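Analysis of the macromolecular model
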Amino acid sequence: MKNIKTYLISMLSSEGATAAALYLKAHPEVNLVISSAGKLPDKLDFLSHDKGAQIVILGLGYYERFEEMSTALRKLSSSGCTILWLNCKLDLSEIKGLKLKNLEFREDFSKEISELTADYLKKDADKSILCCLDKDQGWANLYEDAAFRVFNLRDYDVYPAFISKLAGISDLDADDKAVKAGKGFSSNHLLGRAQVMKDLKDSIADIGMDSLCSVLIHGETGTGKETVALALHRASKRKCRPFIAVNCANFTAGFLDSELFGHEKGSFTGATERRIGLMEEADTGTLFLDEIGEMPLDLQPKLLRVLDHKRFRRLGGSADLKVDVRIISATNRDLARACNEGKFRSDLYYRLSETTILTPALREHREDIPLIAHHILRSICDMRERELIQLDKNMKQKLMALDWPGNVRELHNRLIHAVIRNNWSFSAAPGKESDTGIQTLEQHSIEYIRKIYELMNKNQTHTARALDISINTLKKYL
């Protein structure tokens, strides 16, 4: 006789982690499935292929997807699956109205899981249940790291491992990735002791605490705008939720629409199935839009509607979808000027720049170059399993004397070249020099960009992505 599988669908939250762990204590044989409210119909549809399975939905509701939800539940019921929906204090009247014979609802999961849940809540109602389990074990910090790894590194093994540890049915030592997860992903990656870097970190700490305001990051290419965006995410209450990054310059108008907002089956040639866009994937978290100045004008009203009303439609769709997402954008262009020239919507610009951050160029904090170079070299050598290369005083002075128009990204590429070729001369840049014998900044930029273009096998899309510039900007240099 075929063994009947049991699946526990739990939301990735501190309360969900605790409840799932308590359930696993009583039922260690269950298979843990992670879901969000928005993706619950998709998870159920996938599980319907396992005929006769027992499915427990723990503390999850759904929103604005009743048609898809009802289809998935009917499919499960017809395949002989049983569904137990626990802790359903949300309004599920529409679902209950389906009156499916294999679907059962229970208001309280404490009896099914453990009376301990209610006890933890009584002890400290204002805090996460997770914090009440065992403060000495640092469960809350481990959960935060595990959640970050799931959402942002797409590591779906770490959360079940954490739940198993929390349930006491497995041990994780100090080397386990559930313990290491998420460490180092903070503003500490913004290296530098110069005043401009201290000011940047202070701004991140202040702005990051507000999880609602939109942020526009200005800065030259290679100054770490995405790193700043990630640091803002990690400083906010959304830090355990998704951080999704997309470069607007890498897509044409139609493809960017589909990438951001998704599309329905049949919405265009080749759309053989529905696609969930990055906006939905970032729900409850942060969406980072790099090179926002390259977003086509005809797509900008759609983004403005998300900022104003938290709603959008998939490409080819007829139903509005609701989303809770913080928008952080970045550009190296003067957007105010672009608005005056009619190349960017002023109303969108004002909504995106509720607050702004400027990332300093590397030449504005030269004293930090040795520290940053040491950090980069450590990473390069670790990846290649080589002994760490130390920079002597002469090398440090050479690095600080250069202007670095490509900023930290250029420094990183030049150091890789130095390690591989064992060439530590650090001349101004490969290529011709000016009449004075010193290469101009413009010459430096052209030679550097053309070199990267050659390394990318003359692929403009890959080159633009590597340099963090638009294809139009790249063409000007080529």
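A tally of regular secondary structure across the protein gives 23 helices and twelve strands. Per-residue burial over the protein gives 49% buried out of 478 residues. Contacts in the protein between residues far apart in sequence, at least 24 positions, make up 69% of those at least 6 positions apart. Accessible surface computed for the protein: about 23800 Å², of which carbon and sulfur atoms make up 49%.

So, on to the side chain of threonine 359. Mapping threonine 359 onto the fold places it in strand 12 (residues 355–359). Of the polar contacts made by the side chain of threonine 359, one reaches the side chain of threonine 223; its length is 2.8 Å. Excluding residues that lie within four positions of it along the chain, threonine 359 makes contacts with Ile217, His218, Gly219, Glu220, Thr223, Lys225 and Val228.

Note that asparagine 247 resides in strand 7 (residues 243–247). A C-alpha to C-alpha distance of 9.2 Å links asparagine 247 and isoleucine 469, two positions 222 residues apart in sequence. At 2.9 Å, the side chain of asparagine 247 forms a polar contact with the backbone nitrogen of alanine 249.

Following both chains from N to C, one finds helix 11 (residues 195–208) and helix 12 (residues 225–234) inclined at 45°, their axes separated by 8 Å at the closest point. In terms of axis orientation, helix 11 runs oblique to helix 12. Two packed elements cross with a definite hand, and for helix 11 against helix 12 that hand is right-handed. For the pair helix 11 and helix 12, contact is made by Leu200, Ile204, Ile207 and Gly208 and by Val228, Ala231 and Leu232, respectively. Residue classes in the contact of helix 11 with helix 12 are distributed as six nonpolar, one polar and no charged.

On the basis of which strands lie adjacent, the open sheet formed by five strands has the order 7-8-11-6-12 and parallel pairing. A strand with exactly one partner marks an edge of an open sheet, and here the two such strands are strand 7 and strand 12. The mean angle between the axes of side-by-side strands here comes to 20°, regardless of whether they run parallel or antiparallel. The strands that helix 12 touches are strand 6 (215–219), strand 7, strand 8 (286–290), strand 11 (326–331) and strand 12; relative to strand 6, the one it contacts most, it runs at about 150°.

Turning to helix 2 (residues 40–47), a few remarks are in order. For helix 2, the full list of buried residues reads Leu40, Pro41, Leu44 and Leu47. Looking straight down helix 2, one finds its buried side chains confined to an arc of 125°; they lie on one side. On its buried face, helix 2 sits against strand 1 (6–11), strand 2 (31–35), strand 3 (54–58), helix 3 (66–78) and strand 4 (82–86).

We now examine the sheet that holds strand 2. Reading across the sheet, the five strands line up as 2-1-3-4-5 and stay open at both edges, with parallel pairing between neighbours. Where the open sheet ends on each side, the last strands, each with one partner, are strand 2 and strand 5 (103–106). Between one strand axis and the next, the sheet turns through 20° on average, direction left out of account.

On to the pattern of salt bridges. The full count for this structure, using the stated rule, is 19 salt bridges. A salt bridge links glutamate 264 to arginine 314; its shortest N-O distance comes to 2.9 Å. Here glutamate 264, found in the loop between helix 13 (253–261) and helix 14 (278–281), pairs with arginine 314, found in the loop between strand 9 (311–312) and strand 10 (321–322); they are 50 residues apart in sequence, far enough to count as distant. As a salt-bridge pair, arginine 351 and glutamate 354 come within 2.5 Å of each other at their nearest N and O atoms. The exposure class of glutamate 354 is partly exposed, given its relative accessible area of 43%. Salt bridges sharing common partners tie together Glu68, Glu264, Arg274, Glu280 and Arg314.

A word on the packing of aromatic side chains. Taken as a whole and judged by the stated rule, the model has three aromatic pairs. When the centroid spacing of 5.6 Å and the interplanar angle of 45° are considered together, the rings of phenylalanine 261 and phenylalanine 312 count as tilted. Separated by 51 residues along the polypeptide, phenylalanine 261 in helix 13 and phenylalanine 312 in strand 9 bring together distant segments of the chain. Accessibility assignment for this pair places phenylalanine 261 and phenylalanine 312 in one class, buried.

Moving on, we get to the confidence of the model for the protein. When pLDDT is averaged across the protein, the result is 78; 77% of the residues are at 70 or more. pLDDT under 50 marks residues 112–129. Its contacts with residues more than four places away, or in other chains, come to 26 contacts.

Moving on, we come to the nonpolar core. Membership of the largest hydrophobic core comes to 31 residues, with the highest contact counts inside it found for Met279, Leu287, Leu289, Ile292, Leu303, Ile327 and Phe344. Taken together, the elements giving at least two residues each to this core come down to strand 7, helix 13, helix 14, strand 8, helix 15 (300–309), helix 16 (335–340) and helix 17 (346–352). The element contributing the most residues to this core is helix 15, with four residues. Residue contacts for leucine 287: discarding those within four places in its chain leaves Ile244, Leu260, Leu278, Met279, Ala282, Val325, Arg326, Ile327 and Ile328. Ala19, Ala21, Val56 and Val158 belong to the second-largest nonpolar core, a separate cluster that totals 22 residues.

Procedures and definitions
- Residues numbered from 1 in each chain as written.
- Predicted model: local features only at pLDDT ≥ 70, side-chain atom pairs only at ≥ 80, totals over all residues.
- Heavy atoms only, no water.
- Helix = DSSP H or I, 4+ residues; strand = E, 2+ residues; numbered from the N terminus.
- Buried < 20%, exposed > 50% of the residue type's maximum accessible area, 1.4 Å probe, protein only.
- Contact = heavy atoms within 4.5 Å.
- Areas by Shrake-Rupley, 256 points an atom, 1.4 Å probe, with all protein chains shown as cover.
- Polar contact = N/O pair within 3.5 Å; in protein donor to acceptor, adjacent residues only side chain to side chain.
- Axes fitted to C-alpha atoms, helices over the stretch in contact; angles between N-to-C directions.
- Parallel < 35°, antiparallel > 145°, perpendicular 65-115°, else oblique.
- Left-handed = near helix turned anticlockwise from the far one by under 90°.
- Nonpolar A, V, L, I, M, F, W, Y, C, P; charged D, E, K, R; others polar.
- Pairing = 2+ DSSP bridges.
- Arc of directions from axis to C-beta.
- Salt bridge = Lys/Arg side-chain N within 4 Å of Asp/Glu carboxyl O.
- Phe/Tyr/Trp six-rings, centres within 6.5 Å; stacked < 30°, edge-to-face > 60°.
- pLDDT = per-residue confidence, 0-100.
- Core = buried A, V, L, I, M, F, W, Y, C linked by side-chain atoms within 4.5 Å.

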